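Spelled out from the first residue to the last, the chains are:
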Amino acid sequence: MADRTEKLNRRTTGLGSMLSGLRAQVVGTRRFGATLRAAPRMVLLAAIIWALTGPIDRVPLAAGAAGPGGAATLPGAAAQAAPFFQETGYAVAEGSIASYFVARGGVRTFGPPVSNQFPLLGSNIQIFRDHMLKMEPNGSVSTVNLFAMNAIPFRNIGGRIVPEIDQALLATAPPAGAPNYAAQVQAFIQTNAPDTWEGLPVGFYQAFLKTVSYEDAFPNGGERALLPGFAHEVWGVPLSRPVRDAQNPDFVLQRWERGVMVWSRQSGAVTAVPLGETFKAVLTGQGLGPERTAAAAGSPFLLQLNPASPNGIARPADLPNTLLANAFTQGNAAVNAAQLAESTPLPTLAPPVATPVQPPPPANPPPAAAPPAAAAAAPPPATPTTVGSDPCYGDELITYSPDLPRSGNEMLVAVTSSRPHPYGRLAGTEKTTFVRERPGQKGYVWEWTVQLTFAGKQEYIFYVDSTIPCKKLEVQVRQSLATRTPTPTKTATPFGQNNGNNNNNANNNSNNNDNVATAPRINPASFIVAGVNQYDCNAFQSQFNAQAVLRQDPSDPNRLDAEDGTEDGIACTNTSYGSYPDDDDYNIVNRVYSTATPIAPTATATMRPFTATDYIIYVSGVPQDAYSCNFFASQAQAQAVLRADPRDPNKLDTNRDGYACGGLEAANDGVGGGFMPGPFDQVKVIRP
């Protein structure tokens, strides 16, 4: 037992040193944005290089353990050294990385490779879906802390929001060099990576223990007591306590030094957030999207892949000693080794599948060991493409909805492509509003909305690289379904007054024109959001309903009275209500103003607080689907409405999990990026 404890201490002393360094890094992380703006580029670059190449003290593997440096090797290691993954088109790099990959759990731990092995800031690395592996100068292999090197400068990853570092938790971690550090750090992990949290079977500690199996690490037999140390080697220590995902409370996340665990209520399984795949997106732009591209502005890694540039690097000064030309070209391990052996990238033996710009293939491919000059003599591609970080590939397609748009409609325009467009935009006859980027059947989909205001031919162009026209859409916008017949000017009478005229025409004429259509009546209070201009005249089916909302709150936060340019106490007089043109109310509302002299007797506008029941609308006793997620200022408001009527007539909880406006519902209701703003109400509603 004493020998076993000593081995664990030796393996984890170096990792404890890393943890102490991490405390210092965390303090500096809060100031990173300011440093990025103020510090000279070379100082920042030196810090990133240190984070990637700084010494990591790793002891030799225990006798019988598989992997580089071990006294024993895997049986048949040559056959398993470089597995190829058809789903990504990449092979695990031969040699040390392949041995470590197999010995630490393979695809179960790291995910499949999403790059070749390539030099990054002077170190040979390979990116996997969930992690990045680095080969040390002595041939050993380690996982890389991608957050510490600012490789991922945002927290929206894989559809989840990565928790912030909990500095109070970090302060309780055992210090490096403490007596019996190996046992202390394992106790810290077990205490702070729970299997049960808030009554949920999150299983984080069990997932940690199962990172490396006995069969992975000791194909020839060995000490099981070392397995938690190997898991610590992969994950490090917890940097946050479990937290619910900000967008979907059905997911619980925990942040570690070198990864993020996610528990799913639906599957009951713990998986890893794809940090490696996200770092690849930062380098290539593939799947990054405009929001995360903007969030990564200033990062030396952002959109660096450019096959048309020397060594495939768009800005070489930001990434010295780096070779990206063939980093993301699908191939095999033998091609990998040949590429790394040459200072000039060699031609690939397999056609590129998803690289932004295809590198020129040679007319007669030379063998892998051919000199660089052979590659230099290669002819240009048969089909030229636009050179740059965001070219037009020719497979872009524009569609729109509805099929027959009319003036007054909101038109949705979608652009699809099999490849990413980090700087794509849509512009045309009328103003376009970007909605979101999402995956689609053909690869990528970008969506915009257009509020159509007039009929006739309209034209919209999808631009790549911000200003390069790529695809054009021409659409014929029709007239609105009905145009309201102008109503003669009425002599307005203040509501509730008859100017002393007591002639009430007692002759009650029953001919009251019952054939006049009236719009379904609304609860006007539900259209008042305190101090917020939330609804315009087009939100109502008739002028009568708009006037009811103005009367509910005479301060008119929705600006319904100003629609015709004159604030006269009558709402929406210039709006055409085709289905109910004669359902109107021209009785003047005595307006109340917060900063000007009131038109009517002095009054103080009373803004109604948010009341959930106001958002449950009944027509003939039947609750209506009247409000979607984008009507609410926060997820907590939507949850309150769901709690007010768990039958959910507004369809805020379509997956029936008891939480309103999660990621899917919010995205379907047009909430930008599918993310509802806070605050959040995570108390589940029991659905009938």
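Our structure's up above, just so we're on the same page.
Presented here is a report on the structure given in the accompanying data block.

Bringing the state of the cysteines into the picture now. Tallied over the entire structure, the rule returns three disulfides. A sulfur-sulfur separation of 2.0 Å characterises the disulfide bridge that pairs C392 with C470. Since a negative S-S torsion denotes a left-handed disulfide, the C392-C470 link at about 65° is right-handed. Of this pair, C392 sits in the loop between α15 (372–376) and β13 (397–401) while C470 sits in strand β19 (residues 468–477), and the two are 78 residues apart along the sequence. Comparing C392 with C470 shows no difference in burial state: the two are buried. With its sulfur 2.2 Å from that of its partner, C629 forms a disulfide with C661. Between C629 and C661, the S-S torsion sits near -100°, and that sign places the bridge as left-handed.

Judged by pairing direction, the sheet is antiparallel, and its four strands sit side by side in the order β9-β10-β11-β12 without closing on themselves. Bordering the open sheet on either side are β9 (243–244) and β12 (270–272), each of which pairs with just one other strand. Bridge analysis of strand β11 (residues 259–264) against β12 gives three bridges, and the strand direction is antiparallel. Counted as the bridge partner of W263 is V270 from β12.

Okay, the environment of N138 next. Secondary-structure assignment places N138 in the loop between β5 (132–135) and β6 (141–143). Engagement of the side chain of N138 in a polar contact is seen with the side chain of S140, the distance being 2.7 Å.

Pairs can form between side chains of opposite charge once their charged atoms are near each other. Applying the stated criterion to the full structure yields 25 salt bridges. Among the salt bridges present, the one from R155 reaches E164, with a minimum N-O distance of 3.3 Å. Using a relative accessible area of 34% as the deciding quantity, one classes R155 as partly exposed. A salt bridge links R244 to E198, with the nearest nitrogen and oxygen atoms 3.7 Å apart. Of this pair, R244 sits in strand β9 while E198 sits in the loop between α8 (181–192) and α9 (204–209); the two residues are 46 residues apart in sequence, bridging distant segments of the chain.

Residue position: A660 is located in the loop between α17 (635–644) and α18 (663–668). Distance from A660 to K684, taken between C-alpha atoms, is 9.1 Å for residues 24 residues apart in sequence. The contact partners of A660, leaving out residues within four places of it in the chain, are Q635, A638, Q639, L642 and L652.

One finds L120, I127, M132, L146, I152, F279 and F301 to be the most contacted residues of the largest nonpolar core, which totals 38 residues. With five residues, helix α12 (residues 275–284) is the largest single contributor of residues to this core. When sequence neighbours within four positions are dropped, the list of residues in contact with L146 reads M132, A151, I152, L275, G276 and F279. Judged by nonpolar contacts, the second largest core, of 35 residues, contains A93, F110, L239 and V252.

Here we come to helix α5 (residues 96–103). Judged by how many residues are buried, α5 sits mostly within the fold: seven of eight residues are covered. Those residues of α5 that fall on the buried side of the exposure criterion are S96, I97, A98, Y100, F101, V102 and A103. Looking one or two residues beyond α5, the residue adopting positive phi is G105, at roughly 110°.

Cut-offs used in this document
Residues numbered from 1 in each chain as written. Predicted model: local features only at pLDDT ≥ 70, side-chain atom pairs only at ≥ 80, totals over all residues. Heavy atoms only, no water. Disulfide = S-S within 2.5 Å. Helix = DSSP H or I, 4+ residues; strand = E, 2+ residues; numbered from the N terminus. Buried < 20%, exposed > 50% of the residue type's maximum accessible area, 1.4 Å probe, protein only. Pairing = 2+ DSSP bridges. Polar contact = N/O pair within 3.5 Å; in protein donor to acceptor, adjacent residues only side chain to side chain. Salt bridge = Lys/Arg side-chain N within 4 Å of Asp/Glu carboxyl O. Contact = heavy atoms within 4.5 Å. Core = buried A, V, L, I, M, F, W, Y, C linked by side-chain atoms within 4.5 Å.

Any functional reading would require information beyond the geometric quantities listed.
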